[in-house]
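For reference, the chains in residue letters:
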Amino acid sequence: MCGINGAYSYRPAALEVDRGELLATRDQMTARGPDGAGVWLSDCGRLGLGHRRLAIIDLSEAGAQPMHSADGRFTVTFNGEIYNYLDLRRSLEARGHIFRSHSDTEILLHLYAEKGAQMVHDLRGMFGFAIWDAYARTLFLARDPYGIKPLYYADDGGAFRFASQVKALLAGGAVAREPDPAGIVGFHLWGAVPEPFTLYRDVKAVPAGHSILVREGSGAEAPLAYANIAAILSEGARAATEGREIGPVVRDAVRDSVRAHLLADVDVGIFLSAGIDSGAMLGLMRDVGHERRIAVTVAFREFRATAEDEAPLAAEIARLYGARHLVRTFEKSEFEADLPLILDAMDQPSIDGVNTWFAAKAAREAGLKVALSGLGGDELFGGYPSFRQIPRWVGFLKAASVVPGAGRAARLLASRLAPAAVSPKALALLEYAGTFPGAYLVRRSIFLPFQLDTVLDPGLLRDGLARLQTLKSLRATMTPDPKTAVSRVAALESANYMRNQLLRDADWAGMAHGLEIRTPLVDFELLKALAPYQHRFRGAAGKRALAEAPSIPLPDAVVNRSKSGFGVPIGTWLARAAQMKAPARKGDVSRAWALHVYQASG
């Protein structure tokens, strides 16, 4: 886990790479890689790569980056982990490849030398990387299928720049800061900026599951897709089976993913709540023989001796699975002291991530550099209310979506007849909820599209909505059609809320503390294994199968516990930080906090 950056002056008329800019970009990401730093410029001066290192695998200098192939042709800078690198190494060695380190980074050099761009299909892990080919004069970039690791770029028509953070690109001083209406409107819609957009017109995200090739003379080609969540779910629907019990399938697949995610040369801990996802992860850590089980639980002083306090039940889970349990208690004064640091650490504005900040801080205080998270369990196993609500809404309102404009007309009529009696969300259902993308927009949006004119300039709003193409973009994330209601919602949640919000928050909040957060339930091989069974995760079936995956199943007190969600005290703290005068509903807090975060990001 690291911070990477680079620049390629691919046009003859472009200036050579500025070493000072390269270093400024790299060192903006010092928190991502406190264990070491590297920089390299090609002999011609037109290509430069930077790296900040958080040493997890092969802690020696042999794992330092940028890393070169033995013949000097290829150079890589890499952020992430390749969990199947030992299997890949054995296969490559059998074909005659000779390794000089024990790092997963070197795998990338050998695979690219052998397979070129197709090498991405061999990788199991989370990654953003760039490989320079000195003979072909090309720069190849790739990002993992789920988008766990970030990778951003800017292309001014003569030079191509990239980095793990938007703020790092800006810190170099050569990337324009012109606002992007799509990023601004997208943030106000969702509470996070949807990729490939950022707040800046000249900075884009490499889309998840895509690669980019930059050639000398002609520059960057369009991002090329190599992995698609909806496609895996669609293939799974065609291979769906009803005969086999789902319990053993879930057990084997999730255990395999947990085992893979424990690969490290340092201790690997876990964020432990009182919920199913993290509890099951801990039980499976025990099952695969992981001996140093260190579980970190965040508690809040305001919750002590109340039903919302997760620490007591988390302690029971830790005892059940023989883990060393560390509880870190936070209170309002520490939140207030950390708030400027939290806002500064956000690479792009987000309404979430504060809870992950606390968990990462606690884990790093405990001496950990790696922690597992149960993130992704709700998206994969159907744990959100959206899995029930969205299909129900679409079933009720599908007829309205058949007639163009009928839903909008009904919404306008209802708002005029009873403006105070009908909530904005209910009105939005009339206009949007006849389709899965529209219903998802209503379910997850912070500000509804017709509310945005109260907080944004009309011209900016019009331009931003035109560039976003929100419903079209949502439809693309569930194309090809996953066939079943459960899988359609899973595709929408995974490729939108999880990718743009939860995974990005885990990255910035973890990296701010020099902590690598790993997500065994966000794994493409796991998705492939479970896709043929996902249609059977209706209701509570999926989460119950996960709870029963450890050889010692989670107790009923955990399985039947209602989700506490994002509430008091963090919700109250955020409301006060956003200068809300009284306790309010979650939606009101989210909107007020979104405006506060956006103002702070400027």
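Anything mentioned here points back to the structure above.
Residues numbered from 1 in each chain as written. Predicted model: local features only at pLDDT ≥ 70, side-chain atom pairs only at ≥ 80, totals over all residues. Heavy atoms only, no water.

(A) Geometry of unusual backbone geometry. The omega torsion across glutamate 195 and proline 196 is 10°, close enough to zero to call that bond cis. Structurally, proline 196 can be placed in the loop between helix 5 (181–190) and strand 10 (204–205). One non-glycine residue, aspartate 58, lies in the positive phi region at around 55°. Following the sequence through the fold, aspartate 58 ends up in the loop between strand 3 (47–53) and strand 4 (67–68). Taking relative accessible area as the criterion, aspartate 58 reaches 7% and is therefore assigned buried. (Helix = DSSP H or I, 4+ residues; strand = E, 2+ residues; numbered from the N terminus. Buried < 20%, exposed > 50% of the residue type's maximum accessible area, 1.4 Å probe, protein only.)

(B) Spotlight on the side chain of serine 487. Position of serine 487 among the secondary structure elements: in helix 19 (residues 485–511). Dropping the residues within four chain positions of it, serine 487 is found in contact with Leu233, Pro482 and Gln534. (Contact = heavy atoms within 4.5 Å.)

(C) Representation of the pairing of strand 2 (residues 36–41). Two strands pair when backbone bridges link them, and strand 2 and strand 3 are joined in this way by six bridges, in the antiparallel orientation. Bridge assignment links leucine 41 to a residue of strand 3, and that residue is glycine 48. Connecting strand 2 to the antiparallel partner strand 3 that follows it, the hairpin turn spans five residues, and glycine 45 within it adopts a positive phi of roughly 80°. (Pairing = 2+ DSSP bridges.)

(D) Structural view of helix 6 (residues 229–238). With seven of 10 residues buried, helix 6 lies mostly within the body of the structure. Those residues of helix 6 not exposed but buried are Ile229, Ala230, Ala231, Ile232, Leu233, Ser234 and Gly236. Packing partners of the buried residues in helix 6 comprise helix 19 and helix 20 (524–530). For helix 6, the N-terminal cap is asparagine 228; the gap from its side-chain oxygen to the backbone nitrogen of alanine 230 is 2.9 Å. (Polar contact = N/O pair within 3.5 Å; in protein donor to acceptor, adjacent residues only side chain to side chain.)

(E) Broad picture of the packing of helix 10 (residues 332–345) against helix 11 (residues 354–365). At a closest axis distance of 11 Å, the pairing of helix 10 and helix 11 adopts a crossing angle of 105°. Comparing their axes, helix 11 and helix 10 come out roughly perpendicular. Contacts from Glu334, Phe335, Asp338, Leu341, Ile342 and Ala345 in helix 10 reach Val354, Trp357, Phe358 and Lys361 in helix 11. Taken together, the residues of the contact of helix 10 with helix 11 sort by class into seven nonpolar, no polar and three charged. (Axes fitted to C-alpha atoms, helices over the stretch in contact; angles between N-to-C directions. Parallel < 35°, antiparallel > 145°, perpendicular 65-115°, else oblique. Nonpolar A, V, L, I, M, F, W, Y, C, P; charged D, E, K, R; others polar.)

(F) Broad picture of the sheet that holds strand 15 (residues 294–300). Read across the open sheet, the five strands follow the order 16-15-14-17-18; overall the sheet is parallel. Strands with a single pairing partner mark the edges of an open sheet, and in this sheet they are strand 16 (324–330) and strand 18 (516–518). Strand-to-strand twist in this sheet, taken as the mean axis angle between neighbours without regard to direction, amounts to 30°. When strand 15 meets strand 16, the two strands line up parallel, connected through seven bridges. Its bridge partner being in strand 16, alanine 299 is matched across the sheet by threonine 329.

(G) Representation of the pattern of salt bridges. With the rule as written, the count across this model stands at 38 salt bridges. Of the charged contacts in the structure, one is a salt bridge between arginine 201 and aspartate 463, with a shortest N-O distance of 3.6 Å. Of this pair, arginine 201 sits in the loop between helix 5 and strand 10 while aspartate 463 is found in helix 17 (residues 458–468), placing the two residues 262 residues apart along the sequence. Overall, arginine 201 belongs to the partly exposed group, its relative accessible area being 25%. As a salt-bridge pair, glutamate 516 and arginine 518 come within 2.5 Å of each other at their nearest N and O atoms. Looking at arginine 518, the relative accessible area reads 0%, which means it is buried. Connected through shared salt-bridge partners, Arg328, Glu334, Asp338, Lys361 and Glu365 make up one network. (Salt bridge = Lys/Arg side-chain N within 4 Å of Asp/Glu carboxyl O.)

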